[in-house]
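# Residue-level structural notes
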Amino acid sequence: RDILRIDPVDGKIVMKFTTPSPADAWGRIRVQEDLLLATICRDHKSEGKSYGKLPVELVALDRHTGKEQWAQKAYMSFPVLAVGDDKVFCYDGLLEGLYGDTRRRGLIPKSSEEKLIKAFDLKTGNEVWKRTTELAATWTGYSGGKDVLMVSNKSGMVAIRGQDGEELWQKKAEGRGFRGHPESLWDKIIVTEDRIIDQRGPGYSYDLATGNPTLRKHPITKQEVEWQ
């Protein structure tokens, strides 16, 4: 129920951010400028089925005072989110058991038929755009350098322009992890300023704007080969 603000110098707790209701729980959190962005998890039922606690609301708090600046309720739920320069990006859909990561082992959770990607203005919380997606998103990341939102799961990834929600490119490729590597959650990628590194395995890299493979010079043959 508590998000702790801790002084990095002496480790003392400076402030506690408590959920609005004792029955609520905090979900994932992000910090951008003076805002603390957090999802609120509540018991959720849909069409007579209980999904347990799901992150059904996103709130923006002043990270110094705890005062609520704005809030947005999900159409379904906000399981994953990313923060850009002036926007907050959320996947809005139902995913069963996403937070049981150790048991899920990277497999794509059962999801609702309707799936949305939404962008909200960081300062006001107003919806900037929304779009449908075929991808049951289990991970999101954003590059401010190229204004590209990456959304992925174990079976694929899609690149979306942050400004207007236009799809730039997508790839369908089954993540299989790395041989001998203990990581079992094969749905995540690393986003840098101008490219991504596909952590889902086997570890290729792609240009953020185009999706084309990143090339490097082979140290022996001097030929251009795909980075991996």
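Chains are numbered independently. Their residues run from 1 in the order of the written sequence. Note on the predicted model: pLDDT of at least 70 is required for a residue's local features to be given, and 80 or more for side-chain atom pairs to be given and counted; whole-chain, interface and lining totals, by contrast, use all residues. With hydrogens and water set aside, each side-chain value is computed from the structure's full complement of heavy atoms.

## Looking at the layout of surface pockets
Put simply, the test is: Think of a 1 Å grid over just the protein atoms. A cavity is a set of points where a 1.4 Å probe fits yet cannot get out, a pocket is an open set with protein on both sides within 12 Å along at least five of seven lines, and lining residues have an atom within 4 Å of a point. Grid points are joined across faces, edges and corners, and a volume is the space filled by probe spheres set on the points. Helix and strand definitions follow DSSP, with helices as H or I runs of at least four residues and strands as E runs of at least two, each counted in order from the N terminus. Note on residue classes: Ala, Val, Leu, Ile, Met, Phe, Trp, Tyr, Cys and Pro are nonpolar, Asp, Glu, Lys and Arg are charged, and everything else, Gly too, is polar.
Each pocket or cavity is described by its volume, and for the largest pocket that value is around 240 Å³. In terms of lining residues, the largest pocket is bounded by 17 residues, among which T133, E134, L135, V158 and Q170 are the most central. At the level of secondary structure, the elements contributing two or more residues to the lining of the largest pocket comprise β10 (127-132), β13 (156-161) and β14 (167-172). Here the residues of the lining of the largest pocket are counted per class, giving six nonpolar, six polar and five charged.

## What about the side chain of D62?
As a reminder of what qualifies: Exposure is judged per residue with a 1.4 Å probe applied to protein chains only, and the accessible area is read against the type maximum: over 50% gives exposed, under 20% gives buried, and values in between give partly exposed. Charged residues are defined narrowly, with Lys and Arg counted positive, Asp and Glu counted negative, and His plus the chain ends left uncounted. Take a side-chain nitrogen of Lys or Arg and a carboxyl oxygen of Asp or Glu: if they are within 4 Å of each other, that pair is a salt bridge. Two N or O atoms count as a polar contact when they lie within 3.5 Å, although within protein this holds only if one can serve as hydrogen donor and the other as acceptor, and sequence-adjacent residues are included solely when both atoms are side-chain atoms.
Structurally, the position occupied by D62 is in strand β5 (residues 49-62). No salt bridge is formed by the buried D62, whose closest oppositely charged neighbour, R63, lies at an N-O distance of 7.0 Å. One polar contact links the side chain of D62 to the main-chain amide nitrogen of H64, over a distance of 2.8 Å.

## Section: the pairing of β13
Formally: If DSSP finds at least two bridges between two strands, the strands pair.
Within β13, five of the six residues are buried, leaving the element largely enclosed by the surrounding structure. One ladder, built from six bridges, connects strand β12 (residues 148-153) with β13; its direction is antiparallel. Across the sheet, N153 pairs through a bridge with G156, a residue of β13. The turn joining β12 and β13, which pair antiparallel and follow one another in sequence, is formed by two residues. Linking β13 back to β14 in an antiparallel pair, the connection comprises five residues, with G165 at a positive phi of about 85°.

## Digging into unusual backbone geometry
The phi angle at E33 is positive, at roughly 55°, despite the residue not being glycine. Position of E33 relative to the elements: it lies in the loop between β3 (25-32) and β4 (35-46). Owing to a relative accessible area of 44%, E33 belongs among the partly exposed residues under this scheme. Phi at K222 is positive, roughly 65°, even though this residue is not glycine.

## Things to note about the nonpolar core
What counts is decided by this rule: Residues grouped as a nonpolar core are buried Ala, Val, Leu, Ile, Met, Phe, Trp, Tyr and Cys residues, joined through side-chain atoms within 4.5 Å. Only heavy atoms matter for contacts: two residues are in contact if any of them lie within 4.5 Å across the pair.
Among the nonpolar cores identified, the biggest contains 17 residues, and F89, Y91, I117, W129, L149, V151 and I160 are the most heavily contacted of them. Contributions of two or more residues to this core are made by β8 (87-92), β9 (116-121), β12 and β13. In this view, W129 contacts F89, I117, K118, A119, I160, R161, G162, Q163, D164 and G165; residues no more than four positions away in its chain are not counted. By size, the runner-up hydrophobic cluster in this structure holds 13 residues, among which are L35, L37, C90 and L122.

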